[in-house]
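# Structural characterization, general
Next come the chains, spelled out residue by residue.
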Amino acid sequence: MRPAGYAVVRPGGRASFLVHRRAFAVTCVLAALLAAACVAYLCVGESFVAPGEVVKVVFGRPSPDELVVGELREPRLALGLLVGAAFGVSGALIQTVARNPLASPDVIGVTHGAGAVTVAAMTYGVTSYTALPYLSIAGGLAAAALVYVFAWRRGLHAARFVLIGIGCSVALSSVTQLFLTKGDYLVAQQAKVWLTGSLNGRGYAEARPLALVLLLAVPCALWAARAQRTVSFDDDTATALGVRLGRVRFGLVALGVVLASVATGAAGPVDFVALLAPQIARRLTRTAQIPLPAAALTGALVVVVADLLARKLFSPTELPVGVMTAAVGAPYLMWLIVRGRSRSGEPS
Amino acid sequence: MTTPQPVPAQPTPPRREASQPVPAREAAPANRLAARGLTLAYEDRVVVDGLDLEIPDGRVTVIVGPNACGKSTLLRALGRLLKPRNGSVLLDGAELACVPTRQIARTLGLLPQSPVPPEGITVADLVSRGRQPHQKWWQQWSESDERLVAEAMERTATSDLAGRLVDELSGGQRQRAWIAMALAQDTDLLLLDEPTTFLDIAHQVEVLDLVRRLNRERGRTVVAVLHDLNQAARYADHLIAMKAGLIVAEGPPGEVVTAELVREVFGLASVVVPDPVTGSPLVVPGAPWQPSGPAAREAQDAQDATATPHP
């Protein structure tokens, strides 16, 4: 008996893979939507570029729009894609370990740690755009490590992990506020933009390290997707199924924290993507755990669409993308939840 | 190239097929699962102190005792969910704490008292996850996985529920699905922590019959914690009665369950008679409380008067 809704892929030898049919179909649809959103992103801006020209530029053919599309929009799009995917996967992993759909890197300290360190550095006169991302990454990692250590008491208790994370986040955000009020007006203005999460004026320089981390994360994600099948049980059942809970949870949280920290370093804490994307993905695929590829694509889609709107809606003023992400993702998630409840009476 | 090497006489633990007589070794446990000098504690509270235990192979062992006597704690330790403060649990002669947990999961299955399923999981998906300890990331679904899951679902009569969500099942159906998952794990030993809690009497009997069938038809060693003494006496081959972290008595229920033991372990006055169906001991508690004395009788009359609005 094969679990309902799964197909078995046997690529040869004794290898076999379980594929959730609906998750596979949803992932393909999301990929197609994302491709379409990318083309739209490159077309739309202060000047409109025809899709045909955009495709030419992307594939390296000569085109009169090479400068606008290739030099201005493409790097920003690349960064948006990577940031969205990283936040999507990070949220999925942290929600899995916390067994809580409300958990995300924002809740366990990553965002606020990065924020506090970055704003502090700005106040003390660090303006170097090469140093700030690394300081912010260090802040995020350190805050998450602190939360993990505080929450550890002969094992990681999911509820304690979330509560201590919220406590630390609140404390760190008051540190951020302190520096914002203390510092000079111009620095505060600049810090506010960073704290909202923005792709303005960023591109390949920020995208490159993130791309490297994401590439390294792919094999880890294969392992994580497998671990999710057992970690999503209660502790006793997971142990009975042969899981070394302490190690596996640490691995999942570490992967999620690194992804979120590096993404935050690249674009600032883009709000709600890590919270919304995994839940949207899970509702679309109707799987028993959050599907990582779908969460990555959903995250990327939310960021790309949000940044497209942020650039276009109040043009020529370009809003930070973080202003739009919640506006794009939240109504959709609410609609999915309401529809899901009226259909099957399924609890959130 | 293939020089025959002298094979060192490794002290390999008795294997799966070890129902044939194993050459007796000193200090080697006769049974696959045993405990030596086991001390179990939560924080500062010692629950079990220096306990020795043998779980007879191929039998149904039931642990009984009053609330908080340490029976569930003991079962958790036997299933490596609780680390002993002192002493050890031995599985095939190896200390449980030293065996990789995944390897344990291929020999010893365990159903906790109140397991929590992943959100929105179907029955077939749940049962299939019992195969996880036998799979690798590149071998996610073999033919034996397919066969064993189908078999587990057939035995527990959950095949018809395959596509249903676990959250939507009734208590009895859900318990059967969990047992199916433990069966799909295909282990020689199976530990069950109060598998009949929250079930009505018909489902209790159904689950216990299933456990016995597994034991009789497959030779699985089963250890269960039950709180119903009469059910324990009916279904156990080997009964262990615990009180305050100590084993008070153990053996076949017919020899162990006496009115004296019930008084000693549960502090309950009772009469033990042969079960009219199975002949196993049946514990009948003493007469229920009755009012006595004139004051009590008056109070009873007054209560009766108020309790009958239509005389």
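Residues numbered from 1 in each chain as written. Chains lettered and ligands numbered in written order. Predicted model: local features only at pLDDT ≥ 70, side-chain atom pairs only at ≥ 80, totals over all residues. Heavy atoms only, no water.

### Remarks on the overall build of chain B
Put simply, the rule is: Helix and strand assignments follow DSSP, with helices taken as H or I runs no shorter than four residues and strands as E runs no shorter than two, numbered in order from the N terminus. Each residue is assigned to one of three classes by its accessible area relative to the maximum for its type, calculated with a 1.4 Å probe on protein chains only: buried under 20%, partly exposed between the two thresholds, exposed over 50%. Only heavy atoms matter for contacts: two residues are in contact if any of them lie within 4.5 Å across the pair. The method behind every accessible area is Shrake-Rupley, applied with a 1.4 Å probe, and residues are considered shielded solely by the protein chains displayed.
When helices and strands are counted, chain B shows 10 helices and 12 strands. Buried residues in chain B amount to 48% of all 311 residues. Contacts spanning at least 24 positions in sequence make up 64% of the contacts within chain B whose residues lie at least 6 apart. Put simply, chain B shows about 15800 Å² of open surface, and 54% of that area lies on carbon and sulfur atoms.

### Focus: the sheet that holds strand β3 (residues 60–64) of chain B
Residues and elements named next belong to chain B. This is how the line gets drawn: Criterion used throughout: strands pair if DSSP finds at least two bridges between them. Lines fitted to the C-alpha atoms define the axes, with helices restricted to the stretch that makes contact. Angles between their N-to-C directions range from 0 to 180 degrees.
Sheet architecture is open: six strands sit in the order β6-β7-β8-β3-β9-β10, paired in mixed fashion. With one partner strand each, in any of the chains shown, β6 (108–111) and β10 (246–251) form the two edges of the open sheet. Taking the axes of each pair of neighbouring strands and ignoring which way they run, one obtains an average angle of 15 degrees across the sheet. Sheet topology note: the strand β7 (residues 189–193)/strand β8 (residues 221–225) ladder contains five bridges and is parallel. Its bridge partner being in β8, D193 is matched across the sheet by V225. Of the strands in this sheet, β3, β6, β7, β8 and β9 (238–243) are in contact with helix α1 (residues 71–78), which crosses β7 at around 150 degrees. On the sheet, helix α9 (residues 259–266) packs against β9 and β10 and is oriented at approximately 40 degrees with respect to β9.

### Points about the environment of B:E194
Residue and element names in this part refer to chain B. We apply this condition: Counted as a polar contact is a pair of N or O atoms within 3.5 Å, where, for protein atoms, one must be capable of donating a hydrogen and the other of accepting one, and residues adjacent in sequence contribute only when both atoms are in side chains.
In this structure, E194 sits in the loop between β7 and α6 (201–218). Each C-alpha atom, one on E194 and one on Q113, is 5.9 Å from the other, the two residues being 81 residues apart in sequence. Not counting chain neighbours up to four residues away, the residues in contact with E194 comprise K71, S72, Q113, V225 and H227. One polar contact links E194 to H227, side chain to side chain, over a distance of 3.0 Å.

### Describing a positive patch on the surface
The criterion, for reference: Patch construction takes residues with relative accessible area above 30% that form no salt bridge. Like charges are linked within 9 Å, and nonpolar side chains (Val, Leu, Ile, Met, Phe, Trp, Tyr) are linked within 5 Å. Salt bridge criterion: a side-chain nitrogen from Lys or Arg within 4 Å of a carboxyl oxygen from Asp or Glu. When charges are counted, Lys and Arg contribute as positive and Asp and Glu as negative, whereas His and the chain ends are disregarded. By convention, the point assigned to a charge is CZ for Arg, NZ for Lys, CD for Glu and CG for Asp.
Among the surface-exposed residues, A:R14, B:R102, B:R106 and B:K136 lie close enough to one another that they form a single positively charged patch. Along the chain, B:K136 falls in the loop between α3 (123–128) and α4 (143–155).

### Section: the packing of aromatic side chains
Residues and elements named next belong to chain A. Selection criterion: Working definition: rings of Phe, Tyr and Trp (its six-membered ring) pair if their centres are within 6.5 Å, and the pair is stacked with planes under 30 degrees apart, edge-to-face with planes over 60 apart, and tilted otherwise. Geometrically, a lysine NZ or arginine CZ counts as sitting over a ring once it is within 6 Å of the ring centre and also within 35 degrees of the ring normal.
In total, this model carries seven aromatic pairs over all chains according to the counting rule given. Look at Y124 and F179: their rings are 5.9 Å apart centre to centre, the planes differ by 75 degrees, and that puts the pair in the edge-to-face class. Pair noted here: Y124 is in the loop between α4 (110–123) and α5 (131–151) and F179 is in helix α6 (residues 158–182), with a separation of 55 residues, a long-range link. A residue is classified by how much of its surface remains accessible, and Y124, at 60% relative accessible area, is exposed. Counting every residue linked through ring pairs, the aromatic cluster contains Y148, W152, F161 and F250. A cation over an aromatic ring shows up here: R311 above the ring of Y41, its NZ or CZ 4.2 Å from the ring centre. Geometry around W335 places R339 over its ring, the cationic atom sitting 4.9 Å from the centre.

### Topic: unusual backbone geometry
Of note in the backbone geometry, A:R99 takes a positive phi value of approximately 50 degrees without being a glycine. Of the residues examined, A:R99 reaches a relative accessible area of 35% and is grouped as partly exposed.

### Some points on the UniProt feature "domain: ABC transporter" (unreviewed entry) in chain B
Where we set the bar: UniProt positions are given in the numbering used here, feature names are shortened, and annotations may be inferred rather than shown by experiment.
When the UniProt feature table is mapped to this numbering, "domain: ABC transporter" (unreviewed entry) covers residues 33–269 of chain B. Secondary structure content for residues 33–269 of chain B is 36% helix and 25% strand, while the C-alpha to C-alpha distance between its ends is 34 Å.

### Brief notes about the side chain of A:T96
All names here are of chain A. Of note, T96 is situated in helix α3 (residues 66–98). One polar contact links the side chain of T96 to the main-chain carbonyl oxygen of A92, over a distance of 2.7 Å. For T96, the contacting residues outside a window of four places in its chain are Q228, V231 and I290.

### Concerning the pairing of strand β1 (residues 6–12) of chain A
Pairing between β1(A) and strand β2 (residues 15–20) of chain A: five bridges, direction antiparallel. Bridge assignment links A:V8 to a residue of β2(A), and that residue is A:L18.

### Structural notes on α6(B)
Residue and element names in this part refer to chain B. Under the convention used in this document: Multiplying one less than the number of residues by 1.5 Å gives the expected span of a helix. The arc in question is traced by the directions running from the helix axis to the C-beta atoms.
Its 18 residues place the ends of α6 25 Å apart at the C-alpha level, agreeing with the 26 Å of an ideal helix rising 1.5 Å per residue. Residues of α6 that are buried include every one of Q204, V207, L208, L210, V211, L214 and N215, and no others. Angular distribution of buried residues about the axis of α6 spans 145 degrees; they occupy a single face of the element. Away from its buried face, by an angle of more than 90 degrees, α6 presents the exposed residues I201 and A202. Where α6 is buried, its residues contact β3, α4, α5 (171–184), β7, β8 and α7 (229–235).

### Some points on the pattern of salt bridges
Residue and element names in this part refer to chain A. Here the structure, examined in full by the defined rule, presents 20 salt bridges over all chains. Among the ionic pairs, R99 bridges to D235, the shortest N-O distance being 2.9 Å. Remark: D235 occurs in helix α9 (residues 235–240) and R99 occurs in the loop between α3 and α4; sequence separation between them is 136 residues. Given a relative accessible area of 31%, D235 falls into the partly exposed group. Each of the salt bridges in this network shares a partner with another, and the network as a whole consists of R76, D307 and E318.

### A few points about the interface of chain A and chain B
Convention followed: By convention, the term buried area covers the 1.4 Å-probe accessible surface removed from two parts as they join, with the contributions of both added. By the convention adopted, Pro, Cys, Tyr, Trp, Phe, Met, Ile, Leu, Val and Ala count as nonpolar, Lys, Arg, Asp and Glu as charged, and the other residues, Gly among them, as polar.
Chain A puts 35 residues into the contact, and the matching count from chain B is 43 residues. Of the roughly 3500 Å² buried between chain A and chain B on both sides combined, carbon and sulfur atoms contribute 52%. For the pair chain A and chain B, the interface holds two salt bridges. For the salt bridge of A:R282 with B:E119, the shortest nitrogen-to-oxygen distance reads 3.2 Å. At the surface where chain A touches chain B, the tally comes to 17 residue pairs in polar contact (both at pLDDT 80 or more). Secondary-structure elements contributing two or more residues to the side of chain A that touches chain B are β1, β2, α8 (204–231) and α9 of chain A. Looking at the side of chain A that touches chain B, its residues break down into 14 nonpolar, 10 polar and 11 charged.

### Description of the side chain of A:T118
With respect to the helices, strands and loops of the structure, A:T118 is situated in helix α4. The contacts of A:T118, once residues within four sequence positions are left out, are A:L132, A:S136 and A:W194.

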